[in-house]
Amino acid sequence: MKRRTFNLAGRAIVAFTLFGVLAAYLGMVLVGTQATASLVSTLELFFRETASQFLPARDEGMLRSLQERPNPQASAFFESAMRTSAASDRIETFSLRLRRASEPGVWWRPSLGRDGRLVLEPLPLREAAAIGRALSPGVHLRPRAFLGARDSLKVYLDLSRPDDEWLLAAELTLRRDGAFAGLKGNFAFMMAAFGLWILVTLAVSLFVGRRMAAPVKELAAWARGELGPISRSRLARRDEIGDLSRALTTMRGELEAERASLDDRARAMEAMNRIDRAVLSGVARDELLDRVLAAAESYAGAAVVGLAVRDPDGGGFEIVALRAAGERAAERGLVPDSVLPERVLIRFSDVFELPARELGAEALGLFEIGDHERLNFANLPFGATGLYGGSLFLFRDGERPSLDRLTLLADQAGVALKHLADREARERSWLAVVRSLTRAVDAKSAWTRGHSERVAKSALLLGRRLLMGTRELADLEVAAVLHDVGKIGVPEAILDKPARLDEAEFALVRRHPVLGADIVEDVPEYREIRAAILHHHERWDGSGYPEGLAGEAIPLAARIIALADVYDAITDERPYRRGMSPAEARDFVLGGAGALFDPRLVRIFLELGPESA
């Protein structure tokens with residue numbers, strides 16, 4: 001279940017709305033507080049002026065006269081103060097306080113008796129001390145914290161003058177109306193005003209909240225890959241959003257560059273692994289080189305890729321393998337130095353890349369590069385011997401991957417060529433040993449000298465006509481050369497006997513395919529060769545030896561060698577008979593089709609004519 005989130009815009013709207021409501025409430029509280037302060041200031045001014053008018057002298061004589069007889073001025077002052085307090089519904093209580101200037105801690109509550117004379121009543125010490133603290137400086141409020149609720153506030157007004165012998169103060173209890181007191185008298189108006197305030201606050205909140213959240217939302221969508229590049233206006237901002245936009249852009253660029261580098265490195269490693277697997281697979285030369293080029297082509301995205309080996313005589317480059325448009329291309333052979341510009345030719349021992357057109361029209365024609373204007377030519381020498389031996393080269397559109405990575409592939413291609421050269425050298429050396437061995441066998445009899453090599457020649461002609469692969473042809477050649485190696489275990493007297501062999505002698509001769517197969521049995525690469533040696537005396541109709549195989553159960557290489565072997569034997573001179581003429585031998589072979597030999601091979605053999613002999 002997807003978790004719901006409260007986005008930034010929603011939070012900002014709620015915060016601004018709550019702020020508006022709180023501001024409205026605090027505004028009402030402030031208005032109430034200010035109204036109370038204004039009322040206190042007005043009352044202070046009024047009572048000062050009234051006291052100065054009705055009680056101009058505030059000395060001992062004035063006070064004594066007020067106590068002894070009625071005084072119209074004092075009566076008028078008290079009556080005026082009472083009328084003022086009664087006229088305001090905000091004043092709950094009103095009273096006056098007197099104190100001799102020479103007696104700071106003693107306060108009196110004055111009042112008028114029925115006879116109009118002043119009566120002084122002493123105040124308790126605690127109340128007197130409270131008045132003393134409150135009357136400094138002038139008007140002093142002692143309120144509780146006002147949060148908008150209706151309450152009462154005690155206020156002290158200092159009505160004294162500097163030269164008075166008796167100090168005069170007024171004590172008032174004022175009612176503070178609550179923040180929502182206005183609702184009672186004008187409910188509709190107050191609610192409309194409050195609602196309008198909330199709507200205005202909400203509109204401002206929506207505008208500001210969405211404006212604040214929009215760039216953050218855009219950056220989040222961009223980070224998820226849902227938008228294109230960050231707009232220039234965002235990047236140009238000189239605030240936190242601009243800093244964040246630039247930081248995210250830089251970070252994303254670095255991450256994408258690192259990811260691209262890792263992807264490129266992984267692809268390069270995969271290409272090198274493909275080359276390694278091709279080398280270790282033991283496939284034939286053409287297949288191995290094509291796999292090497294296929295790996296390089298796939299990694300580099302090249303239109304043409306090839307391997308060029310320097311001619312030992314320095315006359316040019318041999319193109320040993322080439323791929324174009326994703327397929328193996330036909331061989332190009334030797335590319336002479338004369339087709340390349342001198343300024344390009346002298347650089348082939350170094351890694352370089354240049355526009356393909358700089359190779360010249362003649363060189364481009366060799367590779368059938370048509371649209372060469374958009375292509376580059378990259379040369380990547382392989383090998384670390386210090387001597388230039390050849391290059392991996394390619395034609396590509398663009399400059400990625402880098403030449404450094406491609407050089408690694410070139411080194412792997414050089415390793416593959418070195419491995420191939422070493423393998424072919426070993427095979428040539430082994431084949432030379434094999435030929436020496438067969439010559440030694442053939443030398444046991446003056447009548448069979450050169451027989452194995454002639455059989456190998458004819459067998460290869462047949463194999464090529466059958467479109468056998470390079471590896472199959474190599475195995476066929478070795479099997480044909482070694483097909484009679486088992487005769488090393490047959491006495492020379494039997495091999496050179498001028499008459500037909502008896503049963504015992506022929507039994508010894510019939511053992512030579514098994515002996516030959518045993519000789520090569522311990523060579524793992526010669527498994528197919530062993531089968532061809534063992535069965536080269538089998539017959540199509542099953543009358544052969546040593547196992548009496550028939551038809552296609554006989555290995556193809558063995559069937560080919562059997563035909564070539566018989567043809568060479570019947571056309572060669574033997575001590576007990578003369579050799580057949582080519583015409584007689586052809587008739588014999590044709591007559592053996594379907595009995596001694598594979599009919600299809602007979603047809604192809606006879607089509608080859610004298611070349612097969």
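Below you will find a few notes about this structure. Only a predicted model underlies this, so the values are computations on that prediction, with no experimental measurement involved. (Residues numbered from 1 in each chain as written. Predicted model: local features only at pLDDT ≥ 70, side-chain atom pairs only at ≥ 80, totals over all residues. Heavy atoms only, no water.)

The subject of this paragraph is helix H18 (residues 527-534). Within H18, the full set of buried residues consists of Ile529, Ala532, Ile533 and Leu534. Residues of H18 that are buried sit in contact with helix H14 (470-481), helix H17 (512-519) and helix H19 (556-571). (Buried < 20%, exposed > 50% of the residue type's maximum accessible area, 1.4 Å probe, protein only. Helix = DSSP H or I, 4+ residues; strand = E, 2+ residues; numbered from the N terminus. Contact = heavy atoms within 4.5 Å.)

This part takes up the side chain of arginine 99. Here arginine 99 shows up in strand E1 (residues 91-100). No salt bridge is formed by the buried arginine 99; the nearest opposite charge belongs to aspartate 158, separated by 7.6 Å. Among the polar contacts made by the side chain of arginine 99, one reaches the main-chain carbonyl oxygen of glutamate 103 at a distance of 3.4 Å. (Lys, Arg positive; Asp, Glu negative; His and termini not counted. Salt bridge = Lys/Arg side-chain N within 4 Å of Asp/Glu carboxyl O. Polar contact = N/O pair within 3.5 Å; in protein donor to acceptor, adjacent residues only side chain to side chain.)

Let us look at the pairing of strand E12 (residues 376-381). Counting buried positions along E12 yields six of six residues, so the element is predominantly enclosed. Burial of the side chains of E12 extends over both faces: Asn376, Ala378 and Leu380 are buried on one face and Phe377, Asn379 and Pro381 on the other. In terms of strand pairing, strand E11 (residues 352-355) meets E12 through four bridges, oriented antiparallel. Across the sheet, proline 355 pairs through a bridge with asparagine 376, a residue of E12. Pairing geometry for E12 and strand E13 (residues 390-396), over six bridges, is antiparallel. Along E13, the bridge assignment pairs leucine 380 with leucine 392. (Pairing = 2+ DSSP bridges.)

Omega for the bond connecting tyrosine 545 with proline 546 falls within 30 degrees of zero, at 10°, which places this linkage in the cis form. Among the structural elements, proline 546 can be located in the loop between H18 and H19. Although it is not a glycine, leucine 467 sits at a positive phi angle of roughly 60°. Along the polypeptide, leucine 467 turns up in the loop between helix H13 (451-465) and H14.

Turning our eyes to something else, we now look at the nonpolar core. Buried together is how nonpolar side chains tend to be arranged in soluble globular proteins. Counting 38 residues, the largest nonpolar core has Ile560 and Leu563 as the members making the most contacts within it. Those elements giving two or more residues to this core turn out to be H13, H14, H18, H19, helix H20 (582-591) and helix H21 (599-608). The element best represented in this core is H19, accounting for eight residues. Dropping the residues within four chain positions of it, leucine 563 is found in contact with Leu462, Val589, Phe597, Leu601, Val602 and Phe605. Met272, Val292, Ala302 and Val305 belong to the second-largest nonpolar core, a separate cluster that totals 32 residues. (Core = buried A, V, L, I, M, F, W, Y, C linked by side-chain atoms within 4.5 Å.)

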